[in-house]
Amino acid sequence: MWKKSFLVFLFSLSVQKAALDCERLRKPNEFPSPSLHSQTETVMRGQNVSLSCFLQNISLEITYFLFRGEKCLQTQDGKGEPMTINLTVSEAHDLGPYKCKVQVANCSKYSHPFKFTFADPVTAPVLNISVIQTKTDRYITLRCISFNGSLPIDYIFFEKNITISPVISKDVRKPAELNITESNTAEVKEYRCKAKNRLPDRVKYSQPVIIPSTGGDCGPFCLQLLLPGLLLVLIVIILILAFWMLPKYKARKTMKDSAPRVYGNTPMEAGIYANVCENQAGAEYSQEIQYAAPVFQQVAPRDQENSNNSKGGHVYSELVF
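The following paragraphs examine the structure supplied in this document. (Residues numbered from 1 in each chain as written. Predicted model: local features only at pLDDT ≥ 70, side-chain atom pairs only at ≥ 80, totals over all residues. Heavy atoms only, no water.)

1. Some details on the nonpolar core
If you look at the biggest cluster of nonpolar residues, it comprises 23 residues, and the most contacted ones within it are L36, L51, Y64, V102 and F116. When residues of this core are traced back to their parent elements, those giving at least two are β3 (47–54), β4 (62–68), β6 (83–89) and β7 (98–104). The contact partners of L51, leaving out residues within four places of it in the chain, are L36, H37, S38, M83, T84, I85, L87, Y98, F114 and F116. Y155, F157, I168 and I180 belong to the second largest nonpolar core, which has 17 residues in total. (Core = buried A, V, L, I, M, F, W, Y, C linked by side-chain atoms within 4.5 Å. Buried < 20%, exposed > 50% of the residue type's maximum accessible area, 1.4 Å probe, protein only. Helix = DSSP H or I, 4+ residues; strand = E, 2+ residues; numbered from the N terminus. Contact = heavy atoms within 4.5 Å.)

Pasting the structure below:
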């Protein structure tokens, strides 16, 4: 009987000691709540992330527990070392909430809940510039918009590599605007803009847009503006010439096809005939005149009679009607 009483006494002492130790550890400096954090709270689908649970007191033997909802994902014992778990956030339930529990002896504390959020990255923004020119000044309006990416999106404008605007945040899919007034200058201006949302390391820049100087020579920029117009004018001129020349070509081809063709040197085919009929009143006869174009053809010389008065040879040719 006394042995049983002794065991009960020892057990009560151990419980009291544990209670005293737990009360001592509950002091803020002895046993603070753990911290649970990640490098980013905003992630893309399928992104790999890390969660770390850490207790500031490095002298205690600690057991870490990481929960997602009511499910325990990992347990780790350590002293002065945080617990880190790697996750892939692909579905909605992977977003959390997560909690970290630390236990020392019979005492335990929980961290604040942590939850990820999904976001889509921004695409390269588009920069549009409108200029109103006066004699002394020009008024420039810069408009920058990214057509994809989770809102809100922050925009910043640059002149070359110099920031010329504060951060302009947009909660709706509308362009950020920046108005600039400057005096006429001979310098060429180059502008671009940057778009960024909550996703880290997902910054996108627009293509640079060049505004030419207000001097007489606008250089390559003017050439870029005039080239499409020149090409259009050239195409119109070619079409006009084509439609103007085509009827003439067809008419000339028709006349050529209807004209009599000459095949070889046949005398009859090359002949020109004219029939003249003269019918006079009271006349009892008609007269027909036929004209023929003579064709000369060289033939071998004929034998000539010997003549004492002949001094040289002659060449004869036939006249064909």
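Past the structure itself, the notes keep going.
2. Description of the packing of aromatic side chains
Taken as a whole and assessed by the stated rule, the structure comprises 3 aromatic pairs. Taking the centre distance of 6.0 Å and the plane angle of 80° together, the rings of Y98 and F116 count as edge-to-face. Of this pair, Y98 sits in strand β7 while F116 is found in the loop between β8 (107–110) and β9 (117–118), placing the two residues 18 residues apart along the sequence. Overall, the relative accessible area of 1% leaves Y98 in the buried class. Given a relative accessible area of 1%, F116 falls into the buried group. Taken together, the ring pairs connect Y98, F114 and F116 into an aromatic cluster. Of note, K101 hangs over the ring of F65, and the distance from its end group to the ring centre comes to 5.1 Å. In this structure, R192 packs its charged tip against the face of F158, placed 5.7 Å from the ring centre. (Phe/Tyr/Trp six-rings, centres within 6.5 Å; stacked < 30°, edge-to-face > 60°. Lys NZ or Arg CZ within 6 Å of the ring centre and 35° of its normal.)

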